[in-house]
Amino acid sequence: STRLASNVGCNSAAPACGAMAAAAASAGAILPPRVVAATWVVHGEAPRIRLGAERGDASSGLGVGTLGSAKGVATLTTTALLGVVVVPAGLWRFARRHRRGSGFGGHDLAGRTTAPGVKSLAVKESVQAPFLLEATRSFEKAAGKQLVNVFLDGNFEPVDKEVTDTDLKVVEGAVPEDFPNGMFLRNGPNPRFPTDNVESPLGRTVHHWFEGDAMLHEVRFDSARCSYKNRWVRTPDFVREESAGKSLHRGNVDTTGFNSALNPLLNGVSFGGAVKDTPNTSILHHGGRLLALVEGEKMPTELQMDDLSRIGYYDFGTKDPLPSFTAHPKLDPVTGELIFAAYSAFGEPPVHVGVVGPDGKLKHWTTVKSATRKTLMHDCAITEQYTLILDFPLTIDIGRTLSGGQMIAFEDEPSRIGVMPRFGDDASKWFEFKSGYGFHIFNAYETGDEIVLRGCRGDSLSLIPPWKDGTFDRAEFAGEFFKPGSGKTTRVHEWRMNLKDGTCSECDLGPRDFVDFPTVSPKVVGREHRFGYSCLFDQDASERAGVGVSGAMRKYTFGETAGAQVTTEDHVFGEGVYGQEGIFVPRPGGIDEDDGWLLVLTYNEATNGSECRIIDTKNFSGPPLVRLALPQRVPYGFHGTFVPL
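Since the structure is predicted, the reported quantities are computational estimates derived from the model, not experimental observations. (Residues numbered from 1 in each chain as written. Predicted model: local features only at pLDDT ≥ 70, side-chain atom pairs only at ≥ 80, totals over all residues. Heavy atoms only, no water.)

Here we come to the overall build of the protein chain. Looking only at helices and strands, the protein chain features 8 helices and 41 strands. Of all 645 residues assigned to the protein chain, the portion counted as buried reaches 59%. For the protein chain, the exposed surface amounts to about 24800 Å²; the carbon and sulfur share of it is 51%. (Helix = DSSP H or I, 4+ residues; strand = E, 2+ residues; numbered from the N terminus. Buried < 20%, exposed > 50% of the residue type's maximum accessible area, 1.4 Å probe, protein only. Areas by Shrake-Rupley, 256 points an atom, 1.4 Å probe, with all protein chains shown as cover.)

Here we take up the sheet that holds strand β10 (residues 203–206). One open sheet holds the 4 strands; their spatial order is β5-β9-β10-β13, and the pairing between them is antiparallel. The open sheet has two edge strands with one neighbour each: β5 (145–146) and β13 (254–255). In terms of strand pairing, strand β9 (residues 197–200) meets β10 through 4 bridges, oriented antiparallel. Bridging from a neighbouring strand, glutamate 199 pairs with arginine 204 of β10. Seen against the sheet, helix α6 (residues 259–271) touches β10 and β13 and runs at an angle of roughly 50 degrees to β10. (Pairing = 2+ DSSP bridges. Contact = heavy atoms within 4.5 Å. Axes fitted to C-alpha atoms, helices over the stretch in contact; angles between N-to-C directions.)

To continue, consider unusual backbone geometry. Even without being glycine, phenylalanine 517 reaches a positive phi, approximately 55 degrees. Residue position: phenylalanine 517 is located in strand β32 (residues 515–519).

On to the side chain of histidine 328. Mapped onto the elements of the fold, histidine 328 is located in the loop between β17 (310–313) and β18 (330–331). Here histidine 328 falls in the buried class, since its relative accessible area comes to 10%. At 3.2 Å, the side chain of histidine 328 forms a polar contact with the side chain of histidine 639. Apart from residues lying up to four places away in sequence, histidine 328 is in contact with His378, Asp379, Cys380, His440 and His639. (Polar contact = N/O pair within 3.5 Å; in protein donor to acceptor, adjacent residues only side chain to side chain.)

So, on to the sheet that holds strand β16 (residues 301–303). Whether parallel or antiparallel, the strands of a sheet pair through hydrogen bonds between backbone atoms. In space, the 4 strands of this open sheet follow the order β14-β15-β16-β17, with antiparallel pairing throughout. Edge positions in the open sheet fall to β14 (282–286) and β17, since each of these has one partner strand only. Mean inter-strand twist for the sheet, computed between neighbouring axes without regard to direction, equals 30 degrees. In terms of strand pairing, β16 meets β17 through 3 bridges, oriented antiparallel. When the sheet's bridge partners are listed, glutamate 302 is paired in β17 with glycine 312.

Bringing the pairing of strand β39 (residues 609–616) into the picture now. If a strand is regular, its side chains alternate between the two faces of the sheet. Most of β39 sits out of view: 7 of its 8 residues are buried. As defined by bridge partners, strand β38 (residues 596–604) adjoins β39 across 8 bridges and the pair is classed as antiparallel. Paired with threonine 602 across the bridge in β39 is glutamate 611. Between β38 and β39, which pair antiparallel in sequence order, lie 4 residues; one of them, asparagine 608, sits at a positive phi of approximately 55 degrees. As paired strands, β39 and strand β40 (residues 626–629) are joined by 4 bridges and run antiparallel to one another.

Most of strand β11 (residues 214–222) sits out of view: 8 of its 9 residues are buried. Summarising the sheet, strand β8 (residues 182–189) and β11 pair through 8 bridges and their orientation is antiparallel. The partner of phenylalanine 184 across the bridge, within β11, is valine 219. Between the end of β11 and the start of strand β12 (residues 225–232), which pair antiparallel, lie 2 residues, with serine 223 showing a positive phi angle near 55 degrees.

Right, let's talk about the environment of valine 206 for a bit. Relative to the helices and strands, valine 206 is located in strand β10. In this structure the C-alpha to C-alpha distance between valine 206 and glutamine 146, which are 60 residues apart in sequence, comes to 9.4 Å. Leaving out residues up to four positions away in the same chain, valine 206 has contacts with Leu147, Asn149, Asp196, Asn197, Glu211, Asp254 and Trp467.

Within the secondary structure layout, threonine 395 lies in strand β24 (residues 394–396). Once residues within four sequence positions are removed from consideration, threonine 395 is found in contact with Arg373, Lys374, Thr375, Arg400, Met407, Ile408, Ala409 and Glu411.

Its 13 residues place the ends of α6 17 Å apart at the C-alpha level, agreeing with the 18 Å of an ideal helix rising 1.5 Å per residue. Glycine 272, located one to two residues past α6, shows a positive phi value of around 85 degrees. (Expected span 1.5 Å × (residues − 1).)

Moving on, we get to the environment of aspartate 153. By the element assignment, aspartate 153 lies in the loop between β5 and β6 (164–165). Distance in space between the C-alpha atoms of aspartate 153 and alanine 545 is 8.3 Å, their sequence separation being 392 residues.

This part covers the packing of aromatic side chains. Summed over the entire model, instances satisfying the criterion amount to 29 aromatic pairs. When the ring of phenylalanine 151 is compared with that of tryptophan 209, the centres are 5.9 Å apart and the planes differ by 5 degrees; the resulting orientation is stacked. Residue phenylalanine 151 is found in the loop between β5 and β6, and its partner tryptophan 209 is found in the loop between β10 and β11; the two are separated by 58 residues along the sequence. An identical accessibility class is assigned to phenylalanine 151 and tryptophan 209; each is buried. Here the aromatic cluster, defined as three or more aromatic residues joined through ring pairs, consists of Phe151, Phe156, Trp209, Phe210, Phe392, Tyr437, Phe439, Trp495, Tyr603, Tyr636 and Phe638. (Phe/Tyr/Trp six-rings, centres within 6.5 Å; stacked < 30°, edge-to-face > 60°.)

All of the buried residues in helix α5 (residues 236–244) are Asp237, Phe238 and Glu241. All buried residues of α5 lie within an arc of 100 degrees about the axis, which places them on one face of the element. Those residues of α5 that are buried lie in contact with β12. Two residues or fewer past α5, glycine 245 is found with a positive phi of approximately 75 degrees. (Arc of directions from axis to C-beta.)

Within the largest apolar cluster, 67 residues are counted, with the highest numbers of intra-cluster contacts made by Leu388, Leu453 and Met497. Apart from the residues within four sequence positions on either side, methionine 497 is in contact with Ile417, Val419, Phe431, Phe433, Asp449, Glu450, Ile451, Leu453, Thr503 and Cys504. (Core = buried A, V, L, I, M, F, W, Y, C linked by side-chain atoms within 4.5 Å.)

When the pLDDT values of the protein chain are averaged, the result is 82; 80% of them are 70 or greater. Counting interchain partners and residues more than four positions distant, the pLDDT-below-50 stretch residues 1–87 has 207 contacts. The low-confidence segment residues 98–129, where pLDDT is below 50, has 81 contacts with residues more than four positions distant or belonging to other chains. (pLDDT = per-residue confidence, 0-100.)

It is worth spelling out the pattern of salt bridges at this point. Scanning the entire structure with this criterion turns up 44 salt bridges. Across the pair arginine 220 and glutamate 218 runs a salt bridge, and its minimum N-O distance is 2.9 Å. Like glutamate 218, arginine 220 is buried. A salt bridge links aspartate 237 to arginine 240; the shortest N-O distance between them is 2.8 Å. On the criterion of helical spacing, the pair formed by aspartate 237 and arginine 240 is a turn pair, its members being 3 residues apart in helix α5. On the accessibility criterion, aspartate 237 (8% relative accessible area) is buried. The structure contains a network of salt bridges with shared partners spanning Asp332, Glu337, Lys363, Arg422 and Arg527. (Salt bridge = Lys/Arg side-chain N within 4 Å of Asp/Glu carboxyl O.)

On to the environment of aspartate 167. Considering the arrangement of structural elements, one finds aspartate 167 in the loop between β6 and β7 (169–173). In this structure aspartate 167 comes out as partly exposed when scored by relative accessible area, which is 46%. Along the sequence, aspartate 167 and tyrosine 228 sit 61 residues apart, while their C-alpha atoms lie 7.8 Å from each other. If sequence neighbours within four positions are ignored, aspartate 167 has contacts with Arg225 and Cys226.

See the structure below:
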């Protein structure tokens, strides 16, 4: 351990290296005593990786240094990320016995240049990363247990075909005569090949819903005819796996033990990035471009409007790439500007914001200097003048993996919301609220001296199901979200912030039911709104699935004052029918805020089929105006949009 620490030349960080080695020794109960060590060095935004191997005598474990000052982890250099990863000798010997050359996309990375100020480990042997990746899977297959994954069965099970139907069958009703021509698009995860779902001496690696390959489903409305197509988003990572005929990348979200560090390392040295490029979260049309989005270091993926084929990454006309992007930018309906707030897991400061003009070109960008906590900031909000920074305590901390914890975990700390002028260089004021987390926001607006923000919030959050002995009780886990008073239940919530006197308040609104995927009319984004819509989850279906499944859509009519009474109206899909996020389409020429329709994709458990439905938001609890049969099942997914044509 001491030898490894001294070889990397950590200088002032040497005590931290020693602590890492001590953590490694403490893990020896589950891993063999002989190890192989490797260095992982990333230079700025263009990774250059050096992988070397050396016999050692530490037991097992992981040491990680990050840019900046994550909890319990020292900064090693100002320009590089260095991880000292200790690989069990049993896995190393297994790998060498089964080595068959470089395989697909192999790289012999020994001898590459390391970061300035970081000395090399003495390299006794070099290893080609894809080979080690395959050897790891072979080791897990031989020594581990395969797990049943809730995100791969029922209507979460991926479809394996790309289908085109140019004339959809009408099951019931008719498309309204004044419904606009356009594209209803829904983005979501759909793994192309079987994924890792295993528990072994290395820890657990289970495919998470967030990590599936992106698939778009399109229902196109063209006068009296409706059509459908679905297409995978063919990123370079997707094409590589399609060429190999199998899944290559390792999961990062639902991992434990040694795999929490090993998986991103294997991905990084094999493919140049710790996380697979899967723009599976949302879809946006702006500046004449159709963009598939995911939060993370990859820029949006631009797609052809006619066939959904991939054009490439879109960088908003910038000379240098942005540190990261978000899945939930906001489109100002008055100015035509696209506003985003995004986080970076390793950058300092961790939050940056920007404004994109109606032409799709970046017109303003800055880091948020006063945002110091590394949070998984999934959404943001805007008003006419401000961008809201949602600093909820679902934090990203690599140091937690040193003690067997999760890199992404909820902390019982206050929530903060920063108010930042749209073209400012930092938040002008921060407001502190009780601990909690909200994935998704309805809207925000200014009224007098106050800013009002509405969204869906729970008292706590866990991204990982409670696995025990290779399984977990689906009904028990999902049932927690439906218990009265449960802190896990995401409910409609309101935050109010007074910019003049600095006071703030918060409260739940309406029934304390389990809801999420909120939306409003695109005409009122950033402006005062009276109505909102969300998914209302069904307890029986959710307990069968082990995760939230929506049995209805809910319409909210909000009051004007803090804590004012909220009225609700539900649109129930019907027995055994479940739905996804609704997309509001304003009626052309309509004046009222709620004059329009809600588009939703549904799934019938009895027929194992899917439909596209149009709901009249003026007669919300009534039957759908039309039910269109889709040619194949549409798995549950994330977010969508409607693009008028």
